Amino acid sequence: MEFLIENASKNWSDFFVSRKNLLEKIDKELTIRSKKETIFPQKENIFKAFNLTSPQKISVVILGQDPYHGENEATGLSFSVPQNVKIPPSLKNIFKELFNDLGIILPNGDLTNWAKQNVLLLNAILTVAKDSPASHSKIGWEILTNGVISYLSEMKNPKIFVLWGKFAQSKKNLIDGKRHKIIESPHPSPFSANRGFFGSRPFSQINDFLKKTEQKEIIWNCE
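Given the structure is predicted, the values throughout are model-derived calculations rather than measurements. (Residues numbered from 1 in each chain as written. Predicted model: local features only at pLDDT ≥ 70, side-chain atom pairs only at ≥ 80, totals over all residues. Heavy atoms only, no water.)

Caption draft 1: Quick look at the overall build of the chain. Of the regular secondary structure elements, the chain holds 8 helices and 6 strands. Reading the secondary structure of the chain in the N-to-C direction produces α-α-β-α-β-α-α-β-β-α-β-α-β-α. In summary, the chain has a C-alpha radius of gyration of 17 Å against a globular reference of 17 Å for 223 residues, a match within 12%. In terms of overall dimensions, the chain has a C-alpha envelope of 45 × 40 × 30 Å along the principal axes. For the chain, buried positions account for 51% of its 223 residues. Of all intrachain contacts in the chain linking residues separated by at least 6 positions in sequence, the fraction that spans at least 24 positions is 68%. When the accessible surface of the chain is summed, it comes to about 11,100 Å², and 48% of that surface belongs to carbon and sulfur atoms. Once the 30 positive and 23 negative side-chain charges of the chain are each reduced to a mean point, those two points are 3 Å apart. (Helix = DSSP H or I, 4+ residues; strand = E, 2+ residues; numbered from the N terminus. Rg over C-alpha atoms; globule rule 2.2 N^0.38 Å. Buried < 20%, exposed > 50% of the residue type's maximum accessible area, 1.4 Å probe, protein only. Contact = heavy atoms within 4.5 Å. Areas by Shrake-Rupley, 256 points an atom, 1.4 Å probe, with all protein chains shown as cover. Lys, Arg positive; Asp, Glu negative; His and termini not counted. Charge placed at Lys NZ, Arg CZ, Asp CG, Glu CD.)

Set out below in structure tokens:
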């Protein structure tokens with residue numbers, strides 16, 4: 001496979017092996033598209049969210065739509081950007097709510113340390129063409145990531161699914177709401193953050209649930 005590295009996501013091998021045909025189809029499409037467009041994130045980071053977590057240990061899923069489409073922004077983690085990149089508006093609002101909720105200020109937009117604490121920062125669509133949002137929405141990624149959500153929902157240990165905005169909330173039917181906690185609010189985008197995202201206190205809600213279910217709380221200011 002030229003684009004989707006075969007040894008990626010070893011922690012998820014059972015899941016990915018059963019979807020080999022779908023991955024081969026997506027890989028073929030990406031290979032064709034790469035000849036005429038710049039694709040983000042870099043191919044070694046497409047599965048970064050999976051490589052930093054294992055399904056059995058995941059306690060929180062924060063769902064995004066697709067990667068940032070600007071130069072040097074996409075990292076393979078939903079909402080995250082590299083340390084030296086300007087913080088995008090939605091992430092800026094996430095940080096504003098984090099401060100209002102828990103009084104925490106983060107120095108940059110790199111959320112890798114959240115991922116290392118069993119937070120799956122999952123985009124529903126894992127790649128995008130430069131300067132063209134949602135451009136890879138029809139190549140099969142959502143079939144794969146819908147499977148990820150269902151796969152995690154079927155696990156016995158209770159998880160938290162964070163669904164910001166209507167797109168993320170459209171995945172709610174894939175989640176067993178009796179077994180897991182679902183946190184919903186408007187998207188942190190500047191277009192909707194004032195309609196209920198601000199004041200929703202997702203971070204304290206997450207840690208309250210983790211404490212209640214005897215799981216390790218997230219250190220949100222971990223650097």
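Caption draft 2: Summary view of the pattern of salt bridges. Scanning the model with the defined rule gives 6 salt bridges in all. In this structure, Asp-101 engages Arg-201 in a salt bridge whose closest nitrogen and oxygen atoms are separated by 2.9 Å. With Asp-101 in helix H4 (residues 89-102) and Arg-201 in the loop between strand E6 (181-185) and helix H8 (202-212), this residue pair connects regions lying 100 residues apart in the sequence. Accessibility expressed as a relative area gives 7% for Asp-101, which makes it buried. Where Arg-179 meets Asp-176, a salt bridge forms, and the shortest distance between an N and an O atom there is 3.9 Å. (Salt bridge = Lys/Arg side-chain N within 4 Å of Asp/Glu carboxyl O.)

Caption draft 3: Layout of the packing of aromatic side chains. Considering all chains together, one arrives at 15 aromatic pairs under this definition. Centre to centre, the rings of Phe-47 and Phe-50 are 6.0 Å apart; their planes meet at 70°, and the pair counts as edge-to-face. Of the residues examined, Phe-47 reaches a relative accessible area of 6% and is grouped as buried. Classification of Phe-50 by relative accessible area gives buried; the value is 1%. Plain terms: the ring middles of Phe-203 and Trp-220 are 5.0 Å apart, the flat faces sit at 75° to each other, and that makes the pair edge-to-face. Residue Phe-203 is located in helix H8, and its partner Trp-220 is located in the segment after H8; the two are separated by 17 residues in the primary sequence. The exposure classification of Phe-203 matches that of Trp-220, with both residues buried. (Phe/Tyr/Trp six-rings, centres within 6.5 Å; stacked < 30°, edge-to-face > 60°.)

Caption draft 4: Main features of the side chain of Thr-75. Of note, Thr-75 is situated in the loop between strand E2 (60-64) and H4. Side-chain polar atoms of Thr-75 contact the backbone nitrogen of Leu-77, separated by 3.2 Å. If we skip the residues at most four places from it in the chain, Thr-75 touches Pro-41, Asn-45, Lys-48, Ser-80, Val-81 and Pro-82. (Polar contact = N/O pair within 3.5 Å; in protein donor to acceptor, adjacent residues only side chain to side chain.)

Caption draft 5: Summary view of the sheet that holds E6. Taken in spatial order, the 4 strands of this open sheet run E3-E2-E5-E6, and their pairing is parallel. With partners counted over all chains shown, the strands left at the sheet margins are strand E3 (119-123) and E6, one partner each. Each strand of the sheet is rotated relative to its neighbour by a mean of 20°, with strand direction disregarded. Examined bridge by bridge, E2 and E3 share 5 bridges and lie parallel to one another. In the strand pairing of E3, Val-60 is matched with Val-119. Relative to the sheet, helix H6 (residues 141-153) contacts E2, E3 and strand E5 (160-164), its axis offset from that of E3 by approximately 155°. (Pairing = 2+ DSSP bridges. Axes fitted to C-alpha atoms, helices over the stretch in contact; angles between N-to-C directions.)

Caption draft 6: Region of interest: H6. When the terminal C-alpha atoms of H6 are compared, their 18 Å separation across 13 residues agrees well with the 18 Å that a helix rising 1.5 Å per residue should span. By the burial criterion, the buried members of H6 are Trp-141, Leu-144, Thr-145, Gly-147, Val-148, Ile-149, Leu-152 and Ser-153. Elements in contact with the buried residues of H6: helix H1 (13-17), helix H2 (20-33), helix H3 (48-51), E2, E3 and E5. (Expected span 1.5 Å × (residues − 1).)

Caption draft 7: Main features of the pairing of E5. Within E5, 5 of the 5 residues are buried, which leaves it mostly tucked inside the rest of the structure. Side chains Ile-160, Val-162 and Trp-164 project from E5 onto one buried face, and the interleaved Phe-161 and Leu-163 project onto a second face that is buried too. Judged from the 4 bridges that link them, E2 and E5 form a sheet pairing that is parallel. Of the residues in E5, the one forming a bridge with Val-60 is Ile-160. In this sheet, E6 lies alongside E5 in parallel orientation, the contact comprising 5 bridges.

So far we have only geometry, and geometry alone does not tell us how the molecule works.
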